[in-house]
Amino acid sequence: MLVPPGESPRRSRLAIGQRWQPFVVLVSALATAVIVCFGIPLAYPALGLDPSWQQALVEATDSSRVFGREVIFNFGPLHQAATDQVSTNLVPLLTGRLVFSVEWTAAVLMAGLLRGLQILAAVAIGQAGSAKPDPMFYSLSSLGVLLSVVHTATETGPRRARTTLMLMVAIGIALSTLVKLSFTAAALPALTCMLSLEFLRLCARPSCRPAGALAAMAMIPPAALVAAWTGVSSGGPEDFAPYFTGLNAEIVLGYSVATSAIGPSPQIGLVAVGAYGLASLVSGVLCWLTHLKPLSRTFPTPTLSKLAALVPALTLLVIQWVVLKAGFVRLDGHIVTGTMLCILFPLFVLALGGQDLSSLSSGHRWRLAAPILLFAAGALLILAALHRKLPLHNHGPVTSLLNTPAIAALLLLSAERERILARRGASHRDLRGESEDLWLKDGASADILPWEVTALLANGAPYRPRPVPQSYSAYTRPLQLANAAYFAPPHPPRPAGLPPPPEQVVVSVNDIDGRLPISLDSPAIRTILETHAFSHTGSRGSLVFGPGGHGIPLGPKTVVSGELSWRSTGQGGFSSTPIPLPGQGSIAWLSVDLRATLSRSGASILFRSFPFFFDYLDANGTVVESDRIVPKAVTDLLVFPLIKNNEELLGMVERRTGRQKDPVRHQSQLAAVRFSVNGFVRPFDVSPYRMEGIRR
């Protein structure tokens, strides 16, 4: 075993040795995992932004669309484990919850084998606070790395059982990426660390057992991932790789930039980020003292010792950075993710480090534990200040206990499944009276921009969505083109293999976080205006289009091109040179090749992208309107007329047919547009632009 000569592994006073302790560990592991993973109540259709994209994913599952190819979004075929939404196909929901339950059970069992019963309290507290899959997954990834470190440094407990449970943890971390694609950013470093430590074990003491464990760690998790994909996804093995690459990767990469708004209370946000950084630092020091430094002494050569300590240290640093991006890139409810890890990670470190801490004096142990408790308490206070509630389970432990049998009954009782599906159908009917009347043609397929999927379903229309079903997610040019191609006419240049476009398209202009999704999806809007004819408006002003459009009448085309330069506006801001708008009675589309500077790229990677705005100026250079925009999405951007609501879009459409004058907004005030950025680094190098104006 990998310990220095002449030393024997220390055992905790609570380490498994008595007959009753394995049963306590087993029962505790199963109870905590089942209560948390199966105790969350099911969710049913509702109106609103989040229920909308969740229903879009549910409809994709029910209609057997392939994630990563036909559905481009940040969630995968096991999305219902995170959204809790009921669909006609309950297999993905149950499978996803089983994944989380099994991986947590394996982690707790292995921790019990390695460190004893003290880990149970930490995991129970952690699971009680993990009301959402995000902190549950990130804490599991950290716990998996720590378990791998302890597994490498000690030989206590049955070797076969420890290796099997470690493999189960690795499989669970891998399978979680089918719940949410962005989990890959933490899953890949964690799995790499676990594999690397097994490899170092083999290098330190070559034998068949470490070699077998290394082979299993390298082959079985990917094989289980492919097998699970084939079982719960409508795509075959050939669609597995595109789920992690291509357009799906564009969604994940664009999210951080798109959600980089400064929150309403940036001071609290900076305090939260500072507290998170300090808690991570203190946790890292404690982890080094209790795990990584002792681990480095168990290898026979200095090179292996340094690698054994460096690999998990870097992995945990990467996971902390990923959580920073996920929890603090938006200063809203996502801060729960980072705050919970502030609390969970120190608990795991302390619980798994019980043996090493037992050798320290009580004074040293208190000096190590006091900063952890201090920053955990600070994190709780910050969260309470932001949300006015503590980060306990959304429904409480009693509700979870009551819901667990009901959810578990889905596995066995067909009558329970039928009751749940009937309730889902009833919720759709109930929403009919709350949502907008769109007066769609009976039986005709439809899509809706930018997001109100639930309202569309409440109107009874067969849903035929575009590849990126939520317009605010069309962050980059390839994503925009995928949506635009979907609405193209059925003859060339429409790409082969695409299903026919929907017979009806509903457009409702809404904003989110200071952004106009209608602008992000400008190429799709342009295609719709060219290929569909305006039909009527809904009861709340939404515009309904049908097939048979003849395109925007092309008059003399004006093309203005040039290069943007940037100047400081003071107080950490920059603005571009203004671009003149065409005269009244025109439609203008703008494309800009924004070339980020090295300093902006570095700031975006390390922390966050600075908010990026699109300003409308009057003849005096005064800002009339300002909207947030995603830098990589400024291609074929509809910039004139300014569309902020349904009436203005209707005005543009009807002016095209000569039935109405200018839109309601005073477009005559608008003389130019420019880009502006909040930040303390020069945002972009000289960037070429091109504006195309079409006279109506």
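Conventions we followed
Residues numbered from 1 in each chain as written. Predicted model: local features only at pLDDT ≥ 70, side-chain atom pairs only at ≥ 80, totals over all residues. Heavy atoms only, no water. Core = buried A, V, L, I, M, F, W, Y, C linked by side-chain atoms within 4.5 Å. Buried < 20%, exposed > 50% of the residue type's maximum accessible area, 1.4 Å probe, protein only. Helix = DSSP H or I, 4+ residues; strand = E, 2+ residues; numbered from the N terminus. Contact = heavy atoms within 4.5 Å. Phe/Tyr/Trp six-rings, centres within 6.5 Å; stacked < 30°, edge-to-face > 60°. Lys NZ or Arg CZ within 6 Å of the ring centre and 35° of its normal. Pairing = 2+ DSSP bridges. Axes fitted to C-alpha atoms, helices over the stretch in contact; angles between N-to-C directions.

A. Structural context of the nonpolar core. Counting residues in each nonpolar core, the largest one holds 86 residues, and the members touching the most others are Phe137, Tyr138, Leu146, Leu147 and Ile173. At 11 residues, the largest contribution of residues to this core is made by helix α4 (residues 91-115). Sequence-distant contacts of Leu146, that is, excluding residues within four places in its chain, are made with Cys287, His291, Leu316, Phe345, Phe348, Val349 and Leu352. Listed in part, the 34 residues of the second largest apolar core include Leu520, Tyr616, Ala633 and Met691.

B. Local environment of the packing of aromatic side chains. A complete count under the given rule lists 18 aromatic pairs for this structure. When the centroid spacing of 5.2 Å and the interplanar angle of 45° are considered together, the rings of Trp229 and Tyr243 count as tilted. Linking Trp229 in helix α9 (residues 208-232) with Tyr243 in helix α10 (residues 240-244), this pair joins segments that are 14 residues apart in sequence. A relative accessible area of 0% means that Trp229 is categorised as buried. Ring centres of Phe614 and Tyr616 lie 5.4 Å apart, and the angle between their planes is 90°; this geometry places the pair in the edge-to-face category. Accessibility expressed as a relative area gives 5% for Phe614, which makes it buried. An aromatic cluster is defined as three or more aromatic residues linked by ring pairs; in this entry it consists of Trp566, Phe612, Phe614, Tyr616, Phe675 and Phe684. Between the NZ or CZ atom of Arg526 and the centre of the ring of Trp589, over which it lies, the distance is 4.6 Å.

C. Structural context of unusual backbone geometry. For the peptide bond that leads from Leu449 to Pro450, omega is 0°, which places it in the cis range. Looking at the element boundaries, Pro450 is found in the loop between β1 (446-449) and α19 (453-458). Pro641 follows Phe640 through a cis peptide bond whose omega is 0°. Among the structural elements, Pro641 can be located in the loop between β12 (637-640) and α24 (646-656).

D. Local environment of the environment of Pro517. Following the sequence through the fold, Pro517 ends up in helix α21 (residues 517-520). Separated by 68 residues in sequence, Pro517 and Leu449 have C-alpha atoms that sit 8.4 Å apart. In contact with Pro517, not counting residues within four places along its chain, are Pro450, Trp451, Ser471, Tyr472, Asn510, Asp511 and Ile512.

E. Local environment of the pairing of strand β13 (residues 672-678). Where burial is concerned, most of β13 is hidden: six out of the seven residues are buried. Across three bridges, the pairing between strand β7 (residues 573-576) and β13 is antiparallel. When the bridges of β13 are listed, Gly573 appears paired with Asn678. In the sheet, strand β8 (residues 579-580) pairs with β13 via two bridges, with the strands oriented antiparallel.

F. Up close: the sheet that holds β1. Here we have four strands laid out as an open sheet, ordered β1-β2-β4-β3, and mixed in their pairing. Of all the strands in the sheet, just β1 and β3 (532-537) have a single pairing partner and so form its edges. Going from strand to strand, the sheet's axes swing by 25° on average, the running direction of each strand aside. In the sheet, strand β2 (residues 504-507) pairs with strand β4 (residues 543-547) via three bridges, with the strands oriented antiparallel. Within the sheet, the bridge partner assigned to Val507 lies in β4 and is Leu543. Across the sheet, helix α22 (residues 522-531) lies against β1, β2, β3 and β4, angled at about 90° from β3, the strand it touches most.

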